[in-house]
Amino acid sequence: MNKDLTVGKPSKVLWLFCMPLFGSIIFQQLYNIADSFVAGKFISENALAAVGNSYEVTLIFIAFAFGCNIGCSVVVSEFFGAKRYGDMKTAVYTSFIASGVICVLLMAIGVFGSNTLLHLINTPAEIFKDSALYLDIYILGLPFMFFYNVSTGIFSALGDSKTPFIFLAISSTSNIAADIWFVKGLRLGVDGVAWATFICQGVSCVLAVIFVLKRLCKIETADKHKLFDKNILFKILKIAIPSTLQQSFISVGNIIIQGIINGFGSAVIAGYSASVKLNNLVITSFTTVGNGISNYTAQNIGAGKRDRVKQGFPAGLKMVWIICIPIVLLYLFGGKYLIYAFMENPSAEALNSGLLFLRILAPFYFIASSKLVADGILRGAGLMNQFMIATFTDLILRVVLAFVLSGTALGSTGIWCAWPIGWTVAAVMSIIFYKMKIANAVK
């Protein structure tokens, strides 16, 4: 069901639209969490470290898929809000074509360069083989990830956040069962969890693309639309490139940080691999809510209702802070049990490293979520320069501080401390940009 986000009380509209998105990304993250859970629980601590180590490299590919998603989503949202349905369909088909080309290029780079990347991040010898195996299978599934992300971006642009939620709920729970069956039943190792993810993500991708095309067929247009338009492509790229660069540089930063962490041994890697999955679950969830706010912003700008954009900021902020409360409490007081879920018999060093990571970061989720709400509005309004400045500030601070603080008496704890500092400075910048460019511009 398509949903017009330009009518109704902003707080209610955002809650109804963003909550299924929030649920969807939780199920999306279950793909990676399931892999780590099964690897650590049913294979070994080294297998968990291998999956976690490879995950940092996969974030580069995810960054490009995310860029395709948000670029397509914002442009389609604007056309949908303006009721320019012919241009909207052209934007969808242009996004699919461009995403396919980018995906082929990345697969070629991944096939020939994945081992080099693993060497660059100082992957320990005892986990290198499994890391490479997991990464090779992951690269084969890139088309599924790309086209699924573009499809969910289109659903969101049309105001439909429920359909992708249903797809992900089914495929993610199936992935957990498939992971366990491949490892316990078929007695496969790290390759088992990788193939399970490949199959389940492939099914969800095919279904999502089919449903998107059927949905488009039901929308009538006055004029014949084109399959590709370079002007619309440039409009998409204006949003997609900065979004991709944001995620890419964050991924590169995470790889650098992973290289620093790898210097502390496989126990710290395993602890970090478990806890960073829990952290990424939260941050990615709030990023997705921010994407929903981008759709809300773009639709209202397309409809000429800029005053509703201003009303969306406090509504979005209230929403993410309410969500933050139980998550922060869970991670602070129940983090130990969550980390145990990833490892059968964790070493004391692995457990303590993961637990300390969560306890340092969790209280700052309120700040990180505030930045992501402001970023969502900036991106939806096409203010990509301001969005990029705040994002790069966060990244640079985290990488530099991780390197500097890890060389002090703090050791690996210094790396964990870099996150809150980067989040805080960048959040202040994003909110200032929002106030200057959006809030003060609407009187």
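Right above here is the structure, for reference.
The sections below set out a description of the structure shown in this document. (Residues numbered from 1 in each chain as written. Predicted model: local features only at pLDDT ≥ 70, side-chain atom pairs only at ≥ 80, totals over all residues. Heavy atoms only, no water.)

**Re the overall build of the protein**
Part 1 of the argument: Scanning the protein from N- to C-terminus turns up 14 helices and zero strands.
Part 2 of the argument: In the protein, the order of α-helices and β-strands from amino to carboxyl end is α-α-α-α-α-α-α-α-α-α-α-α-α-α.
Part 3 of the argument: Its C-alpha radius of gyration of 21 Å places the protein within 12% of the 22 Å reference for a compact globule of 443 residues.
Part 4 of the argument: Overall, the protein is about 65 × 45 × 35 Å in size when its C-alpha atoms are taken along their principal axes.
Part 5 of the argument: Put simply, the protein has 443 residues, and 60% of those count as buried.
Part 6 of the argument: Counting only contacts in the protein whose residues sit at least 6 apart along the sequence, the fraction spanning at least 24 positions is 86%.
Part 7 of the argument: Here the protein carries 33 positive and 20 negative side-chain charges, and the mean point of each set is 12 Å from the other. (Helix = DSSP H or I, 4+ residues; strand = E, 2+ residues; numbered from the N terminus. Rg over C-alpha atoms; globule rule 2.2 N^0.38 Å. Buried < 20%, exposed > 50% of the residue type's maximum accessible area, 1.4 Å probe, protein only. Contact = heavy atoms within 4.5 Å. Lys, Arg positive; Asp, Glu negative; His and termini not counted. Charge placed at Lys NZ, Arg CZ, Asp CG, Glu CD.)

**Observations concerning helix α6 (residues 162–185)**
Part 1 of the argument: For α6, built from 24 residues, the straight-helix expectation of 34 Å at 1.5 Å per residue is met to within 8% by its first-to-last C-alpha distance of 34 Å.
Part 2 of the argument: Of the residues trailing α6, R187 is marked for its positive phi of about 60°. (Expected span 1.5 Å × (residues − 1).)

**Here we look at unusual backbone geometry**
Part 1 of the argument: Residues other than glycine seldom take positive phi values, yet K83 does so here, at roughly 60°.
Part 2 of the argument: Among the structural elements, K83 can be located in the loop between α2 (45–81) and α3 (85–120).
Part 3 of the argument: Classification of K83 as exposed rests on a relative accessible area of 51%.

**Focus on the side chain of D229**
Part 1 of the argument: Assignment of secondary structure puts D229 in the loop between α7 (190–217) and α8 (230–262).
Part 2 of the argument: Note on D229: relative accessible area 11%, which makes it buried.
Part 3 of the argument: In contact with D229, other than residues within four places in its own chain, are T90 and T94.

**Here we look at the environment of M388**
Part 1 of the argument: Position of M388 relative to the elements: it lies in helix α13 (residues 384–406).
Part 2 of the argument: On a C-alpha basis, the gap between M388 and L245 in space is 8.4 Å, while along the polypeptide they are 143 residues apart.
Part 3 of the argument: Excluding residues within four positions of it along the chain, M388 makes contact with P242, L245 and Q246.

**Quick word on the environment of I60**
Part 1 of the argument: Topologically, I60 is positioned in helix α2.
Part 2 of the argument: In the structure, I60 is positioned 190 residues away from I250 in sequence and 8.5 Å away in space, judged by C-alpha atoms.
Part 3 of the argument: For I60, the residues in contact, after removing those within four places along its chain, are L117, S251 and I255.

**Overview of the packing of α3 against helix α4 (residues 125–140)**
Part 1 of the argument: Where α3 contacts α4, the two axes come as close as 10 Å, and the packing angle between them is 160°. What the angle tells us is that α3 and α4 run roughly antiparallel. As for how α3 packs across α4, the hand of that crossing is right-handed. Along the contact surface, α3 presents M107, G110, V111, S114, N115, L118 and H119, while α4 presents F128, S131, A132, L135, D136, I139 and L140.
Part 2 of the argument: The residue makeup of the contact of α3 with α4, split by class, is eight nonpolar, five polar and one charged. (Axes fitted to C-alpha atoms, helices over the stretch in contact; angles between N-to-C directions. Parallel < 35°, antiparallel > 145°, perpendicular 65-115°, else oblique. Left-handed = near helix turned anticlockwise from the far one by under 90°. Nonpolar A, V, L, I, M, F, W, Y, C, P; charged D, E, K, R; others polar.)

**Points about the packing of α8 against helix α9 (residues 266–302)**
Part 1 of the argument: Where α8 meets α9, the closest approach of the two axes is 8 Å, and the angle between their N-to-C directions is 140°. Put simply, α8 runs oblique to α9. Packed against α8, whose contacting residues are Q258, I261 and N262, the element α9 presents V268, I269 and Y272 at the interface.
Part 2 of the argument: Its residues placed into classes, the contact of α8 with α9 shows four nonpolar, two polar and no charged.

**Observations concerning empty space enclosed by the protein**
Part 1 of the argument: Applying the stated criterion across every chain yields a total of three cavities of 30 Å³ or more.
Part 2 of the argument: Approximately 80 Å³ is the volume found for the second largest cavity.
Part 3 of the argument: Forming the walls of the second largest cavity are 10 residues, and the residues nearest its centre are I137, Y138, T197, F198 and Q201.
Part 4 of the argument: When residues of the lining of the second largest cavity are traced back to their parent elements, those giving at least two are α4 and α7. (1 Å grid on protein atoms, 1.4 Å probe; cavity = no way out; pocket = protein on both sides within 12 Å on 5 of 7 lines; lining within 4 Å. Points joined across faces, edges and corners; volume = space filled by probe spheres on them.)

**A few points about the nonpolar core**
One recurring pattern in soluble globular proteins is that nonpolar side chains are buried together.
Part 1 of the argument: Counting 73 residues, the largest nonpolar core has Y331, Y365, W416 and W419 as the members making the most contacts within it.
Part 2 of the argument: The element that contributes the greatest number of residues to this core is α9, accounting for 15 residues.
Part 3 of the argument: Excluding anything up to four places from it in sequence, Y365 contacts N279, V282, I283, C324, I327, V328, Y331 and W423.
Part 4 of the argument: Counting 44 residues, the second largest nonpolar core, distinct from the first, contains A65, V92, L135 and I139. (Core = buried A, V, L, I, M, F, W, Y, C linked by side-chain atoms within 4.5 Å.)

**Remarks on the state of the cysteines**
Part 1 of the argument: This model, assessed by the stated rule, comprises zero disulfides.
Part 2 of the argument: As a non-bridged cysteine, C205 has C103 as the owner of its nearest cysteine sulfur, 9.4 Å distant. (Disulfide = S-S within 2.5 Å.)

**Concerning the pattern of salt bridges**
Part 1 of the argument: Tallied over the full model, the rule gives six salt bridges.
Part 2 of the argument: The salt bridge partner of K235 is E78, with a shortest N-O separation of 3.8 Å. Of this pair, K235 sits in helix α8 while E78 sits in helix α2, placing them 157 residues apart in sequence.
Part 3 of the argument: Exposure remark for E78: the relative accessible area of 26% places this residue in the partly exposed category.
Part 4 of the argument: Among the salt bridges present, the one from D87 reaches R84, with a minimum N-O distance of 2.8 Å.
Part 5 of the argument: According to the relative accessible area criterion, R84 is partly exposed, its value standing at 43%. (Salt bridge = Lys/Arg side-chain N within 4 Å of Asp/Glu carboxyl O.)

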